[in-house]
Amino acid sequence: MHSHDASTEVLTQAVLRYAVDRIRLDPPPLDGPRTAAELRAMAGRTITPRGVGGLEALRVFSDVLAQATISTDHPRFLSFVPAAPTEASILFDLVVGASSIYGGSWLEGGGAVHAENEALRYIADLAGLPAEAGGVFVSGGTAGNLSALIAARHRWRARAEGRHDRTRGLIIASKGAHSSIAAAGRAMDADVVSAEADDQGRLLVDGLRTLVAGLSDDDRARVFAVVATSGTTNAGVIDPLDGAADVAAELGVWFHVDGAYGGAGLAAPSVRERFRGIERADSFIVDPHKWLFAPFDCCALLYRDPQLARRAHTQHAEYLDVLHTDDDHEWNPSDFAHHLSRRARGLPFWFSLATYGTDAYRDAVEQTLTVTRESARLIDEAEHLELIMEPELSVVLFRRTGWTDQQYQQWSDRLLADGTAFVVPTSWAGETVLRICVVNPRTTVDDVQLLVDSLA
Ligand SMILES: *Cc1c(COP(=O)(O)O)cnc(C)c1O
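Our subject in this report is the structure included herewith. Quantities reported herein were computed from a predicted structural model and do not represent experimental measurements.

Turning our attention to helix H14 (residues 347–356). Looking at H14, one finds that the buried residues are Leu347, Pro348, Phe349, Ser352 and Leu353. Each element contacted by the buried residues of H14 is listed here: helix H4 (87–98), helix H5 (106–127), strand E1 (134–138), helix H12 (288–291) and helix H15 (358–381). Looking one or two residues beyond H14, the residue adopting positive phi is Gly357, at roughly 90°.

Written out as structure tokens, the structure is:
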């Protein structure tokens, strides 16, 4: 273990070669899932008292385990939200791993934190947040939403000066909100109520006002946040952020915007206007591991006033208090979310932004939007398909006329099994339909044409 000898050298070369070869695969094989029993049989026993050796463990990974993980960066991986990390971001992820950086405090990780903050600033500027805005990279949208809502609740309770310290809080979201908002409510023991959405899943401001008007005085006093979504995951529609911000302001509560998937659209001039009102958010999240071309796992969590978040999240302990001087310039990422130790997971994103420049990001997001729009046209024109709605961002929902749930599933299974594509059915207004999500600049209209043809 901790020594650099000849066998470490051999292993170094083998692991680096594997990583470099994987980066160069264009496209990588799609691969597909195996059952736990199959993997047990194929991988054999890997954890043993004497070790199987690095080369053998690497062989098991490349021959068995890697082939049982779907390549989310395959250009025809169009389910859920795919991934499309840039070369520079992947390469730098290796560097972050090699550097033993503790990303939780300025004392230990200041250089890395400075770079992460530059990357956060790029996002804050896209959103039009003020100069004091700041935050931290957390593992994902789920963690980001929870941390933002904890800060929101903390401010509500602090303002109530003790009156609400034991009151169960209330979050107002929309029917189209991501499941992680309900999960945050459960984790925080807070209630979540949903305002009406339109038939595309977009928050209705009138519905929000009706919901607020219908609250009892007690419930009204329990509200600590209004949550809007800038890019729903299933349909890619953006809530009217300005209207939601108005209602939050009238209530005097925190306004949180969940842009985990769609927030990247801020970089694209062709859709930027649809995010109007985002600059009024008290907190905002976007996952660079979704549509900003960073590797897993990476969510940018930004606060309008980071000091509020710091009061909610800072951990105090004898061994930690050395980290909290009175220096205004200290920036301990640990203080801005529900975590302490952390990987400097924003660094691969920073390195990629620094390498290619922000214009390349704008162009890459625009390119995926163009492919999405052209794909919607193809689908709309196909006899056997029906477009459910015009895409607002990079999700296309459509149906294959006449197909049963089972036919959709069989088609999806066959495409994955033969390594062609990964597209799973979703449900829309209770009906099984198809959904593709384009975040990979390597996905082409031809890729989508191939799907269209296979559905005939
Ligand atoms: C994906 C997504 C989340 C959850 O993000 P994770 O990174 O998967 O935790 C939250 N909200 C929205 C709108 C999303 O699309």
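This next bit is on the site of the ligand. Within the structure, the ligand sits among 15 residues, and Gly141, Thr233, Asp258, Asp287 and Lys290 are positioned closest to it. The protein chains hide 84% of the 380 Å² of surface that the ligand would expose on its own. Of all the elements in the fold, those that place two or more residues in the shell around the ligand are helix H6 (141–159) and H12. By residue number, the principal contributor to the shell around the ligand is H6, which donates 3 residues. Residue classes in the shell around the ligand are distributed as 2 nonpolar, 10 polar and 3 charged.

Time to look at the sheet that holds strand E9 (residues 395–400). If you trace the 4 strands from one edge of the open sheet to the other, you get E8-E9-E11-E10, paired in antiparallel fashion. Two strands lie at the open edges of the sheet, namely strand E8 (385–387) and strand E10 (425–428), each paired on one side alone. Each strand of the sheet is rotated relative to its neighbour by a mean of 45°, with strand direction disregarded. Looking at chain direction, E10 and strand E11 (residues 431–437) are connected through 4 bridges and run antiparallel. From the neighbouring strand, Trp428 faces E11, where its bridge partner is Glu431. Sheet strands touched by helix H16 (residues 405–417): E9, E10 and E11. Its angle to E11, the strand with the most contacts, is close to 30°.

A full pass over the atoms with the stated rule returns 16 aromatic pairs. Ring centres of Phe92 and Phe351 lie 4.2 Å apart, and the angle between their planes is 10°; on these two criteria the pair is classed as stacked. Within this pair, whereas Phe92 is found in helix H4, its partner Phe351 is found in helix H14, the two being separated by 259 residues in sequence. Assessed through its relative accessible area of 15%, Phe92 is described here as buried. Seen from their ring centres, Trp331 and Phe336 are 4.4 Å apart, and the 20° between their planes marks the pair as stacked. Under the relative-accessibility criterion, Trp331 is labelled buried at 15%. Ring pairs connect the aromatic residues Tyr122, Phe137, Phe293, Phe349 and Tyr361, which therefore count as one cluster.

Moving on: the side chain of Ser394. Turning to its location among the elements, Ser394 is positioned in the loop between E8 and E9. Here the side chain of Ser394 touches Tyr261 through a polar contact of 2.7 Å, side chain to side chain. Within the structure, Ser394 has its side chain in polar contact with the backbone oxygen of Val438 (distance 2.9 Å). Ignoring anything within four residues of it in the chain, the contact list for Ser394 reads Tyr261, Trp291, Leu369, Thr372, Ile436, Cys437, Val438 and Val439.

Moving on, we come to the nonpolar core. Ile123, Ile172, Phe255, Phe284, Trp291 and Phe349 are the most contacted members of the largest nonpolar core, which totals 61 residues. For this core, the domains that each give at least three residues are domain 2 (94–356) and domain 3 (358–454). Of all hydrophobic cores here, the second largest spans 30 residues; its members include Ile150, Ile181, Leu301 and Ala337.

The next subject is the state of the cysteines. According to the stated counting rule, one finds 0 disulfides in the structure shown. The structure places no disulfide on Cys298, whose sulfur is separated from the nearest cysteine sulfur, that of Cys299, by 7.6 Å. With relative accessibility at 0%, the residue Cys298 sits in the buried group. Classification of Cys299 as buried rests on a relative accessible area of 0%.

Time to look at the side chain of Ser147. Counting through the fold element by element, Ser147 comes out in helix H6. A polar contact is formed between the side chain of Ser147 and the backbone nitrogen of His338, at a distance of 3.0 Å. Excluding anything up to four places from it in sequence, Ser147 contacts Leu301, Tyr303, His313, Phe336, Ala337 and His338.

Attention now goes to unusual backbone geometry. The bulk of non-glycine residues show a negative phi, and the bulk of peptide bonds are trans. Residue Pro27 follows Asp26 across a cis peptide bond; omega there is 0°. As for its placement among the helices and strands, Pro27 is situated in the loop between helix H1 (6–24) and helix H2 (36–43). With an omega of -10°, the peptide bond running from Phe296 to Asp297 counts as cis. Structurally, Asp297 is set in the loop between H12 and strand E7 (299–303). Positive phi, close to 45°, is recorded for Phe80, a residue that is not glycine. Secondary-structure assignment places Phe80 in the loop between helix H3 (54–65) and H4. For Asp189, which is not glycine, the phi torsion reads 60° and is therefore positive.

About the thresholds
- Residues numbered from 1 in each chain as written.
- Predicted model: local features only at pLDDT ≥ 70, side-chain atom pairs only at ≥ 80, totals over all residues.
- Heavy atoms only, no water.
- Buried < 20%, exposed > 50% of the residue type's maximum accessible area, 1.4 Å probe, protein only.
- Helix = DSSP H or I, 4+ residues; strand = E, 2+ residues; numbered from the N terminus.
- Contact = heavy atoms within 4.5 Å.
- Near = heavy atom within 4 Å.
- Areas by Shrake-Rupley, 256 points an atom, 1.4 Å probe, with all protein chains shown as cover.
- Nonpolar A, V, L, I, M, F, W, Y, C, P; charged D, E, K, R; others polar.
- Pairing = 2+ DSSP bridges.
- Axes fitted to C-alpha atoms, helices over the stretch in contact; angles between N-to-C directions.
- Phe/Tyr/Trp six-rings, centres within 6.5 Å; stacked < 30°, edge-to-face > 60°.
- Polar contact = N/O pair within 3.5 Å; in protein donor to acceptor, adjacent residues only side chain to side chain.
- Core = buried A, V, L, I, M, F, W, Y, C linked by side-chain atoms within 4.5 Å.
- Domains from an automatic or database assignment.
- Disulfide = S-S within 2.5 Å.

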